[in-house]
Amino acid sequence: MGRITLSQVKKDFGEVSVIQKLSLTIEDGEFIVFVGPSGCGKSTLLRLIAGLEDITEGQIEIDGRNATELPPAKRGLAMVFQSYALYPHMSVRKNIAFPLRMAGVEKSQQDRLVEEAARMLNLTDYLDRRPRQLSGGQRQRVAIGRAIVRKPAAFLFDEPLSNLDAALRVGMRLEISELHKRLETTMIYVTHDQVEAMTMADRIVVLNDGRIEQVGTPLELYRKPGNLFVAGFVGSPKINLLSGAESRKHGAATIGIRSEHISISTEGGDWPGSIGVSEHLGSDTFFHVACEGGDAPITVRADGEVDLKYGDKVFLTPDTAQIHKFDSRGLRID
Amino acid sequence: MATQHSRAAARLMISPAVILLLCWMLVPLGMTLYFSFLRYNLLMPGTESWNGWTNYYYFLTDPSFTDAIINTLLLVGGVLAITVVGGVLFALLLDQPMWGQGLIRVLVIAPFFVMPTVSALVWKNMFMNPVNGIFAHLANALGVAPLDFFARIPLASIIWIVSWQWLPFATLILLTSLQSLDQEQLEAAEMDGANWLRRFRFVMIPHLARPVTVVILIQTIFLLSIFAEILVTTNGGPGTATTNLTYLIYVQSLLQFDVGAGSAGGVIAIILANIVAIFLMRMIGKNLDA
């Protein structure tokens, strides 16, 4: 149904190469997330798949059919935009019905499909309102509704939650995941927020500078980051990266250790230091510890009950089995 | 207390401007109203006498009054139609990325800066003149008899000249509006399977509805009082073929020296303009609400 294959896809804007020779296969029914810092080319990649941008080189296949030259409307994909891109002069009903109307679907059939989509998205009470009379979350749902009615081969989401406030974002995140489970349609989701990527994705594609850094399930990326960039990008709080004497001890140029793999004690341990800022989340507390001889503070997760104050002397002990080692080019050493 | 003081001070401060503006409007308006009820002929100074509604009666029953109303409506309607349709097309064209965009935009806007008398004279003498005009030369080159524009199609010629002057205004407003259209909306419509014509019909036209009403409102106000273009080209003729209400008032008061009838015409013109304004405001109000 919705298998999408990119082979050797390249995109240049004039002299600037935005996507560099990239190959990727997205399986049918998969929820795949493109994640990366701003300017990494993730939105461009999505627009290439949608057909809103022409690719410079390479080939895109959708459902085993070469779609490289197909116009956007013929690709059978639906897109949800960051700004929602609802038609302001049309009611919610007409907005959702628009793709059907363009496809020449019969009026009674249109009404039935719109009602069905509206029920699925809890929009039934708002069908006759204009977009500007709706809240951000409702507009988002209308945009999704407009995508659903077409029964596309795949959904494309371009940072759909970045205009919503934090509380709403968590709710919409669940709704989209729920929708994916129900529809079992391929979804491609672009975000710069690694929390969204981790929580929603079947597989994550980490992009940087127009290149794929790593593809894998959220936990694969978290547990076995393939290089320094992925290690630094995935996970919150950020992984602690150490170089110099400490890393040479492990035979690597840089080592990384996550905050939960370091234990903190007041009696004794490997790395002496003093407590800096502490962030209390209730269940957990993150301490930023300035270690002797180290330049950047190390983030350590401790239980919410641990009571340490600014300036307290502590000792840190890393769990050596959980240390990630990287060579001088930033690649993982196993 | 402080706010009451400052409010009083504010009123005092703006009063000179308000009083000046009021005098500027009310004095001429009052004088026009007063004259319209007088028997006031410039050839017989000092013999002004109260005349009642006679001036109104003669102005309204004058056969050229009906002609003038029809001509005014044709002129306003014709120019609006040409500038709105042409403005949309020009705006779409100028919105395309092209070489020398800045210069072309300046050139397109240029006619708006030409004085009405000058542009009318240029059109009359350099383009539409049946002997020396460019159109006459073109016609001769093609072996067709040149058209005497101001004799055969006088009103259409004036509509064309005025449209040429106002097209840049409409283009400019519609262009800025097109540029403010959210590109993602167009892309969404493209994904939804709408071709260019349908994107134009379902996304761009609704987006342009508001600026188009603004263009119509502003242009109507100015087009109701077109005068210079008629004066320098046809002098309202042949016959009354290009006499609009403004020009008729001029004819009454300054060519026939009947200030009383001219003033009555002026008052009628004010009333008609206000009726048009009320309709337009209601139309725009609706459009701005939506």
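Numbering of residues begins from 1 in every chain and follows the order in which that chain's sequence is written. Starting at A for chains and at 1 for ligands, labels are handed out in the order in which the entities are written. Local features in this predicted model are restricted to residues whose pLDDT is 70 or higher, and side-chain atom pairs enter the listing and the counts only when it is 80 or higher, whereas totals over whole chains, interfaces and linings include all residues. The side-chain quantities take in all heavy atoms of the structure and omit both hydrogens and water.

Trainee: Looking at this structure, how should I read the sheet that holds strand β11 (residues 240–243) of chain A?
Mentor: Within a sheet, neighbouring strands are paired by backbone hydrogen bonds and run either parallel or antiparallel to one another. All names here are of chain A. Between any two strands, pairing holds if DSSP finds at least two bridges. Helix numbers and strand numbers start at the N terminus; a helix is a DSSP run of H or I with at least 4 residues, a strand a run of E with at least 2. Judged by pairing direction, the sheet is antiparallel, and its four strands sit side by side in the order β11-β12-β18-β19 without closing on themselves. A single partner strand is all that each edge strand has here, and the edge strands are β11 and β19 (332–333). As judged from the four bridges shared by β11 and strand β12 (residues 254–257), these two strands associate in the antiparallel manner. Pairing of S243 across the sheet is with T254, part of β12.

Trainee: What exactly am I supposed to notice about the domain arrangement of chain A here?
Mentor: Buried accessible area, meaning the area lost when the parts come together, often serves as the stated size of an interface. Residue and element names in this part refer to chain A. Domain boundaries in chain A define domain 1 (4–232) and domain 2 (238–333). In this assembly, 10 residues from domain 1 lie in contact with 11 residues from domain 2. Contact between domain 1 and domain 2 buries roughly 900 Å² in total, counting both sides, with carbon and sulfur atoms accounting for 58%. Two parts placed together each lose some accessible area; with a 1.4 Å probe, that loss summed over both constitutes the buried area. On the domain 1 side of the contact with domain 2, Y222, L228 and A231 bury the most area, a combined 54% of that side's loss. Definition used for salt bridges: Asp or Glu carboxyl oxygen within 4 Å of a side-chain nitrogen of Lys or Arg. In this assembly, domain 1 and domain 2 are joined by zero salt bridges. Here a polar contact is recorded for every N or O atom pair within 3.5 Å, except that within protein the pair must consist of a potential hydrogen donor and a potential acceptor, and residues adjacent in sequence are included only if both atoms are side-chain atoms. Where domain 1 packs against domain 2, one counts five residue pairs in polar contact (both at pLDDT 80 or more). Counting residues per element, the ones that place at least two in the side of domain 1 that touches domain 2 are α7 (218–223) and α8 (228–233). Residue classes follow a fixed rule: Ala, Val, Leu, Ile, Met, Phe, Trp, Tyr, Cys and Pro count as nonpolar, while Asp, Glu, Lys and Arg count as charged, and any other residue, Gly among them, counts as polar. A per-class count over the side of domain 1 that touches domain 2 returns five nonpolar, three polar and two charged. These domain limits were set by an automatic method or by a database of domain assignments. Contact definition: two residues touch when any of their heavy atoms are within 4.5 Å.

Trainee: Explain the pattern of salt bridges to me, please; I cannot follow it from the model alone.
Mentor: Close approach of charged atoms lets side chains of opposite charge pair. Inspection of the entire model under this criterion finds 17 salt bridges over all chains. One salt bridge connects E57 of chain A with K21 of chain A, and the closest N-O pair in it is separated by 3.1 Å. Taken as a pair, E57 of chain A in strand β4 (residues 57–62) and K21 of chain A in strand β2 (residues 16–26) lie far apart in primary sequence, 36 residues in all. Partly exposed residues are those whose accessible area sits between 20% and 50% of the maximum for their type, while under 20% is buried and over 50% is exposed, using a 1.4 Å probe and protein chains only. Judged by relative accessible area, E57 of chain A falls into the partly exposed class, the value being 35%. With a closest N to O distance of 3.8 Å, E116 of chain A and R112 of chain A form a salt bridge. Of this pair, E116 of chain A and R112 of chain A both sit in helix α3 (residues 107–120), four residues apart, which is roughly one turn of the helix. When salt bridges that share partners are traced, they join R47 and E53 of chain A together with E187 of chain B into one network.

Trainee: Help me understand the environment of G64 of chain A, please; the structure alone is not making it clear to me.
Mentor: Residue and element names in this part refer to chain A. Mapped onto the fold, G64 is located in the loop between β4 and β5 (65–66). The exposed category is assigned to G64, whose relative accessible area is 62%. Residues G64 and T5 lie 59 residues apart in sequence; the distance between their C-alpha atoms is 8.0 Å.

Trainee: Help me out: how do you make sense of the sheet that holds β2 of chain A in this one?
Mentor: All names here are of chain A. The sheet built from four strands is open, its strands ordered β2-β1-β4-β5 with antiparallel pairing. At either margin of the open sheet sits one strand with a lone partner, and together these are β2 and β5. Here strand β1 (residues 4–13) pairs with β4 via five bridges, running antiparallel. Following the sheet pairing, S7 is matched in β4 by Q59. Structural elements are reduced to axes, namely lines fitted to C-alpha atoms, with helices fitted over the stretch in contact, and the angle between N-to-C directions of any two is expressed from 0 to 180 degrees. Contacting β1, β2 and β4, helix α1 (residues 42–50) runs over the sheet at an angle of about 115° to β1.

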